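Descriptive structure summary
So the chains spell out like this:
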Amino acid sequence: MPKLAVAQMVSSASVSNNLKQVKQFFIHAKEEQVELLILPENFAFMGMQEADKLAIAENYGAGEIQETVSQLAKAYG
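Definitions and limits used
- Residues numbered from 1 in each chain as written.
- Predicted model: local features only at pLDDT ≥ 70, side-chain atom pairs only at ≥ 80, totals over all residues.
- Heavy atoms only, no water.
- Helix = DSSP H or I, 4+ residues; strand = E, 2+ residues; numbered from the N terminus.
- Polar contact = N/O pair within 3.5 Å; in protein donor to acceptor, adjacent residues only side chain to side chain.
- Contact = heavy atoms within 4.5 Å.
- Core = buried A, V, L, I, M, F, W, Y, C linked by side-chain atoms within 4.5 Å.
- Buried < 20%, exposed > 50% of the residue type's maximum accessible area, 1.4 Å probe, protein only.
- Expected span 1.5 Å × (residues − 1).
- Axes fitted to C-alpha atoms, helices over the stretch in contact; angles between N-to-C directions.
- Parallel < 35°, antiparallel > 145°, perpendicular 65-115°, else oblique.
- Left-handed = near helix turned anticlockwise from the far one by under 90°.
- Nonpolar A, V, L, I, M, F, W, Y, C, P; charged D, E, K, R; others polar.
- Salt bridge = Lys/Arg side-chain N within 4 Å of Asp/Glu carboxyl O.

**Looking at the side chain of S11**
Examined against the element boundaries, S11 turns out to sit in the loop between β1 (4–6) and α1 (15–31). Engagement of the side chain of S11 in a polar contact is seen with the backbone oxygen of N42, the distance being 2.7 Å. A polar atom in the side chain of S11 sits 3.1 Å from the backbone oxygen of F43. Among residues more than four places away in sequence, those in contact with S11 are N18, N42, F43, A44, F45 and M46.

**Considering the nonpolar core**
Generally speaking, soluble globular proteins have nonpolar side chains that are buried together. Core analysis: the biggest nonpolar cluster contains 10 residues, these being M9, V15, L19, V22, F26, F43, A44, F45, I65 and L72. Of all the secondary structure elements, the ones that give two or more residues to this core are α1 and α3 (64–76). With four residues, α1 is the largest single contributor of residues to this core. When residues no more than four places from it in sequence are discounted, the contact partners of V15 are A44, F45, I56, E64 and I65.

**Let's talk about unusual backbone geometry**
Within the chain, Q33 stands out as a residue other than glycine whose phi angle is a positive 60 degrees. Relative to the helices and strands, Q33 resides in the loop between α1 and β2 (36–38). Look at Q33 and you get exposed, because its relative accessible area is 64%.

**Side note on α3**
Under the 1.5 Å per step criterion, the end-to-end length of α3 is 18 Å for 13 residues, consistent within 8% with the ideal 18 Å. Directly after α3, the chain includes G77, whose backbone phi takes a positive value near 70 degrees.

**So, the packing of α1 against α3**
Running from N to C, α1 and α3 cross one another at 15 degrees; their axes reach a closest spacing of 10 Å. Taken together, the axis directions place α1 and α3 in an arrangement best described as roughly parallel. Crossing angle aside, the handedness with which α1 passes α3 is right-handed. Counted together, V15, S16, L19, V22, K23, F26, I27 and K30 of α1 and E64, I65, T68, V69, L72, A73 and Y76 of α3 form the full contact between these two elements. Considering only residue class, the contact of α1 with α3 consists of 10 nonpolar, two polar and three charged.

**A word on the pattern of salt bridges**
On inspection of all chains with the given rule, the structure shows one salt bridge. With a shortest N-O distance of 2.9 Å, K53 and E50 are connected by a salt bridge. Owing to a relative accessible area of 59%, E50 belongs among the exposed residues under this scheme.

These figures capture arrangement, not role.
In structure tokens form, the structure reads like this:
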């Protein structure tokens, strides 16, 4: 049976800070031999207003959030 981990975090309006925290989840998951790491819905950004999300919106397949998570997944299996 695969080993799963669910990450819980308090996301901020700083995408880079949130992604640094997500990297730590990947590192810990690798150390614990987790096969599937589940991140919260708003792991990358939590703005003050709903419209704040538009400022960080990415096109499908490109952008800091998608590229970082992809690189982390490849690096930590």
